[in-house]
Amino acid sequence: MTVQTTGPAGLDLSDPMFWTRPLAERDAAFAHLRSLPSPVLFPEIDVPFIKGGDGYWALVRHADVVEASRRPEVFSSEPTTNSIADMPGYLARFFGSMINMDDPRHAKIRRIVSRAFTPRVLARLDHQIEETARGIVDGVLRGEGTGDFVSDVAARLPLTIICDMMGIPEADREMVLERSNTILGIGDPEYGVGSQISRVSVGMALTRLLDAGMELQLLIRRLGRLRRRRPGDDLVTALVHGNVDGEHLTDQELGSFFILLVVAGNETTRNAISHALKLLTVHEDQRALLLADPAARMPGAIEEVVRYATPVIQFRRTLARDTVLNGHPLREGEKVLLFYNSANRDEAVFPDPDRFDITRSPNPHVGFGGPGPHFCLGANLARREIGVMLRELYTRVPSLRSTAPPDRLLSGFINGIKHLPYEV
């Protein structure tokens, strides 16, 4: 395979420094890539201790991302979807989950875990979500907290709900949050390797990553063993006693699903809430629209925040066989990255895509993934959490605003906000 990049000078999506650029520059780079007649093949960076590959095709158009999502028999999720390089065995033990599987195994596990996200279960969670959000805002109004919106508000709601769902003891919840930060922040200097890649920095980051995965796995496996003997009214009980066609989740699968739930359910929802504060501070006209009629405007605001911010930037797929996408040949074994952030700014689908507009309709964003078997299982839970939190904040603290630019996570995978100063 000959690796060639045909983007603008200096554009390399694999370079960690690209993800330190201002958002406007990144958006312009992806707009350029969308204007090209075919996908661009980018090289993989050389990372110590991780076996690299021959590069990946960047899928940046909405239509291409949607088509690849709808064809899992061609665009395979195996062996991994959450790293560009193939996940080594020592990492797969902790981080391989159903998002790294194809059918039929994926379908069986999804049917077991989907019982946690049925409309009836989510309806039962509504009171808990509202009560938790109300308590968080009570603390804000009392002047409690650190002045950092992420730790005071955005991170607390999804973490509380997920841990309550799973039956995680209160004493373990701070550890769960810290370990999820480590897992998704592996490329950020605060949590992992940073942009200066060396054998020492990568080795230290991989050690922290493995430790985080192991601690989360051990926590949920202990709880799983307990729930097999003494069932409770929590999701772990449902998971360890649930089966499909006689199959149960193994300890390994239970642990991997917990990590997936913590990372996907906690980190992405908290980032959507954090982005919402920033966006509704900068775009005062949209904030005024929302405050004028929160009940009517909230559903559109949620979808537009997720589209505009796109908390999960990309996922990887691997070609299971030769195919043609948008007239471009792709070969078996080649890698593609589905860039949801770019698809959500596609001019062919979204008029004036760089405008934040909570009245945008239709809004066929792929912020929860493209259509197909890997569409986010927790999308409706995330929508509930985001909506309830924003409603509590903007009906009770209408003067709420961010006061400085966010401290962004250095990542080409998660559009994360680590810290965000605010005032009421």
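Use the structure listed above.
Values in this document were obtained by computation on a predicted structure and should not be read as measured data.

A word on the overall build of the protein
At step 1: Tallying secondary structure elements over the protein gives 15 helices and eleven strands in all.
At step 2: Out of the 424 residues belonging to the protein, those deemed buried represent 54%.
At step 3: For the protein, the proportion of contacts with a sequence separation of at least 24, taken over those separated by at least 6, is 72%.
At step 4: For the protein, the computed accessible surface area is about 17700 Å², with 53% contributed by carbon and sulfur atoms.

Considerations on helix H13 (residues 294–309)
At step 1: At Gly-300, H13 shows its maximal kink, close to 25°.
At step 2: Among the residues making up H13, those that are buried are Met-298, Ala-301, Ile-302, Glu-303, Glu-304, Val-305, Val-306, Arg-307, Tyr-308 and Ala-309.
At step 3: On its buried face, H13 sits against helix H11 (251–282), helix H12 (284–292) and helix H15 (379–396).
At step 4: Thr-310, located one to two residues past H13, shows a positive phi value of around 45°.

Things to note about the packing of aromatic side chains
At step 1: Under the counting rule described, the total for this entry stands at ten aromatic pairs.
At step 2: Arranged with centres 4.9 Å apart and planes meeting at 90°, the rings of Phe-18 and Trp-19 form a pair that is edge-to-face. By the burial criterion, Phe-18 is buried, and Trp-19 matches it.
At step 3: An angle of 80° between the planes, with centres 6.3 Å apart, marks the rings of Phe-315 and Tyr-340 as edge-to-face.

Concerning unusual backbone geometry
At step 1: Omega for the bond connecting Asp-103 with Pro-104 falls within 30 degrees of zero, at 10°, which places this linkage in the cis form.
At step 2: Checked against the element boundaries, Pro-104 lands in the loop between helix H3 (89–95) and helix H4 (105–113).
At step 3: For the peptide bond that leads from Ser-361 to Pro-362, omega is 0°, which places it in the cis range.
At step 4: Mapped onto the secondary structure, Pro-362 falls in the loop between helix H14 (340–343) and H15.
At step 5: The backbone of Asn-326 shows a phi angle near 55°, a positive value even though the residue is not glycine.
At step 6: On the accessibility criterion, Asn-326 (45% relative accessible area) is partly exposed.
At step 7: At Asp-352, a position not held by glycine, the phi torsion is positive, near 50°.
At step 8: With respect to the helices and strands, Asp-352 occurs in the loop between H14 and H15.

Parameters at a glance
Residues numbered from 1 in each chain as written. Predicted model: local features only at pLDDT ≥ 70, side-chain atom pairs only at ≥ 80, totals over all residues. Heavy atoms only, no water. Helix = DSSP H or I, 4+ residues; strand = E, 2+ residues; numbered from the N terminus. Buried < 20%, exposed > 50% of the residue type's maximum accessible area, 1.4 Å probe, protein only. Contact = heavy atoms within 4.5 Å. Areas by Shrake-Rupley, 256 points an atom, 1.4 Å probe, with all protein chains shown as cover. Bend = angle between axes of the 7 residues up to and from the residue. Phe/Tyr/Trp six-rings, centres within 6.5 Å; stacked < 30°, edge-to-face > 60°.

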